[in-house]
Amino acid sequence: MFFKNNWIIILFIGLASGCSNDENKVKSIPEVNPTAIEQVLKEIEELLLHVNKSLLVIGSTDIESYATPQSLECTANTCRSEVTLGSIVLKKVFKYNSGVISAVHYDFYYDSLSPDLEKDTQTAISLVHAKLGDYNSTYSSSSMKTYSWANDNNIIDYELFDNGFTFTIRKNQIAEKTIEAGLVAPKHIELAQKLIQCVHSDSLKLGLSVMADIQNLFRVGFKSKPNVLAFTETYNENILLSGSFLFEQENLSGVYFDYVYSDTTSNEFLTDVKTTKLIINKLYGMPSEVVTVSLSTSYRWNNTLIALEVYGDGFSVFLEENGL
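Residues numbered from 1 in each chain as written. Predicted model: local features only at pLDDT ≥ 70, side-chain atom pairs only at ≥ 80, totals over all residues. Heavy atoms only, no water.

**Some details on the environment of Val 128**
This is how it is decided: Starting at the N terminus, helices and strands are each numbered in turn, a helix being any DSSP run of H or I of at least four residues and a strand any DSSP run of E of at least two. Any two residues whose heavy atoms approach within 4.5 Å at even a single point are treated as in contact.
Relative to the helices and strands, Val 128 resides in helix H4 (residues 117-132). Leaving out residues up to four positions away in the same chain, Val 128 has contacts with Leu 48, Gly 133, Trp 149 and Phe 167.

Below, the structure written as structure tokens:
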């Protein structure tokens, strides 16, 4: 009986020791953190999921549904956040108008010397192909390459740069409504107002928009020249509006709306300048730069390519790549 009990005790100790060793083995397995590209792919996949399930629809989704969950900081109709994913910096930008999202940008920035950038860009585009199929269009310039997918109400742009890549979600359909700026713009300012609205909603975009896009957006009497669409309109016999859209390799490279007044002493001139500036302020906040020289005053905003310049006999609203 004594030996029998001893064997039982030894067996019990052996089993307990084995369980303890197994438990120690489980505890000793190190926790594996996701790599930088795995975190990037997770962010992209979640963004595309929201687009595919119509949880994010440009022009109809409220910014409030993203501001808190994404821990966004919101000022001047733009919400932002920044997070570090390993060696990669992700900057999220949500633009909105009247509480409704008008565009979304996910900017992934790499160190310029990173050996992973080329491989990661291919991995990212493979994920988009798997979720959305083949891209609908592509565009290349000296500074970037862009792939675009049309998805119901949204367009998804995948833009490749020297130091990273960007996912942009913009409206697929032309925005017809004008800006609610708390004021009524006179007829001769309506085209400038529409230009500003189209830029803000990403319906008009440097490097992506083509001539057909411009002709659909602006129903005016265009005169076509090589790489230029131009028009002129006269108002009240004393205001001349000259507009021009410049193109490089079939894609929009610059926009200029020039207003010239034959009577610069009238209140109309000063009122029109004030109205145009208020329209831009409504969407982008106060100007970040105001420069006055002997013949002109220029206004620029740090969150848009739109600029306003006022001269002795008129003013210009323009959009160009070096405007920032």
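**With respect to the pairing of strand S4 (residues 100-109)**
Counted only if it meets this: Buried means the residue's accessible area, taken with a 1.4 Å probe over protein chains only, is under 20% of the maximum for its type, while exposed means over 50%, and partly exposed covers the values in between. Following DSSP output, two strands are said to pair if at least two bridges run between them.
Burial analysis of S4 places 8 of its 10 residues in the buried class, the great majority of the element. Sheet topology note: the strand S3 (residues 88-97)/S4 ladder contains 9 bridges and is antiparallel. Counted as the bridge partner of Lys 91 is Asp 107 from S4. Strand direction decides the pairing type here: S4 and strand S8 (residues 164-171), joined by 6 bridges, are antiparallel. Looking at S8, one finds that Tyr 106 is bridged to Phe 167.

**Re the side chain of Lys 95**
Inclusion rule: Note that His is not counted, nor are the chain ends; the positive residues are Lys and Arg, and the negative ones are Asp and Glu. Any Lys or Arg side-chain nitrogen found within 4 Å of a carboxyl oxygen on Asp or Glu counts as a salt bridge.
Along the chain, the position of Lys 95 falls in strand S3. One buried charged residue, Lys 95, forms no salt bridge at all, with the nearest opposite charge on Asp 202 at 4.6 Å. Setting aside residues no more than four positions away along its own chain, Lys 95 makes contact with Asn 77, Thr 78, Val 100, Ile 101, Ser 102, Ala 103, His 105 and His 200.

**Things to note about the side chain of Ser 316**
This is how it is decided: Polar contacts, as used here, are pairs of N or O atoms within 3.5 Å; protein pairs need one atom able to donate a hydrogen and one able to accept it. Residues neighboring in sequence count only if both atoms are side-chain atoms.
Relative to the helices and strands, Ser 316 resides in strand S16 (residues 314-320). Here Asp 258 takes part through its side chain, which lies 2.5 Å from a polar atom of the side chain of Ser 316. With residues near it in sequence (within four places) discarded, Ser 316 still touches Phe 257, Asp 258, Ala 307, Leu 308, Glu 309 and Tyr 311.

**Quick look at the pairing of S16**
Of all 7 residues making up S16, 7 are buried, and the element is well covered by its neighbours. Every second residue of S16 is oriented toward a common face, with Gly 314, Ser 316, Phe 318 and Glu 320 on one face and Phe 315, Val 317 and Leu 319 on the other, all of them buried. Sheet topology places strand S12 (residues 251-261) next to S16; 7 bridges connect them, and they run antiparallel. When the bridges of S16 are listed, Gly 254 appears paired with Glu 320. Pairing of strand S15 (residues 306-311) with S16 involves 5 bridges; the strand directions are antiparallel. Counted as the bridge partner of Ile 306 is Leu 319 from S16. Counted along the chain from S15 to the antiparallel partner S16, the turn is 2 residues long.

**Considering the nonpolar core**
Soluble, globular proteins show a tendency: their nonpolar side chains are buried together. Using the following cut-off: Only buried residues count toward a nonpolar core. Its members are Ala, Val, Leu, Ile, Met, Phe, Trp, Tyr and Cys residues joined through side-chain atoms within 4.5 Å.
Grouped together as the largest cluster of nonpolar side chains are 42 residues, with contacts concentrated most on Leu 204, Ile 214, Phe 218, Phe 245, Phe 257 and Phe 315. Counting residues per element, the ones that place at least two in this core are helix H5 (187-200), helix H6 (211-217), strand S10 (228-235), strand S11 (239-248), S12, helix H7 (267-284), S15 and S16. Counting residues per element, this core draws most heavily on H5, which supplies 7 residues. Apart from residues lying up to four places away in sequence, Phe 257 is in contact with Leu 191, Ala 192, Leu 195, Phe 218, Phe 231, Leu 241, Ser 242, Gly 243, Phe 245, Phe 315, Ser 316 and Val 317. Ranked by size, the runner-up nonpolar core spans 36 residues in total, among them Ile 44, Leu 47, Leu 56 and Cys 79.

**Focus on the packing of helix H2 (residues 36-52) against H4**
In a packed pair of helices, the relevant descriptors are the angle between the two axes and the axis-to-axis distance. Definition in use: The convention used is that axes are lines fitted to C-alpha atoms, helices contributing only their stretch in contact, and that angles between N-to-C directions extend from 0 to 180 degrees. In what follows, roughly perpendicular refers to angles from 65 to 115 degrees, roughly parallel to angles under 35, roughly antiparallel to angles over 145, and oblique to any angle outside these ranges. Each helix crossing is assigned a hand: it is left-handed if the near helix lies turned anticlockwise from the far helix by less than a right angle, otherwise right-handed if that turn is clockwise. When residues are sorted by character, Ala, Val, Leu, Ile, Met, Phe, Trp, Tyr, Cys and Pro go into the nonpolar class, Asp, Glu, Lys and Arg into the charged class, and all the rest, Gly among them, into the polar class.
At a minimum axis distance of 10 Å, the contact between H2 and H4 shows a crossing angle of 25 degrees. As judged from the angle between their axes, H2 and H4 are roughly parallel. Of the two elements, H2 crosses H4, and the hand of that crossing is right-handed. Here Ile 37, Leu 41, Ile 44, Glu 45, Leu 48 and Asn 52 of H2 come into contact with H4, specifically with Asp 120, Thr 123, Ala 124, Leu 127, Val 128, Lys 131 and Leu 132. The residue inventory of the contact of H2 with H4, partitioned by class, reads 8 nonpolar, 2 polar and 3 charged.

**Re the sheet that holds S11**
With antiparallel pairing, 8 strands are arranged side by side in an open sheet as S9-S10-S11-S12-S16-S15-S14-S13. In this open sheet, the two edge strands, each paired with only one partner strand, are strand S9 (223-225) and strand S13 (289-292). Within this sheet the neighbouring strands show an average axis-to-axis angle of 15 degrees, counted without direction. Sheet analysis places S9 next to S10, joined by 3 bridges and oriented antiparallel. Paired with Lys 223 across the strands is Ala 230, a residue of S10.

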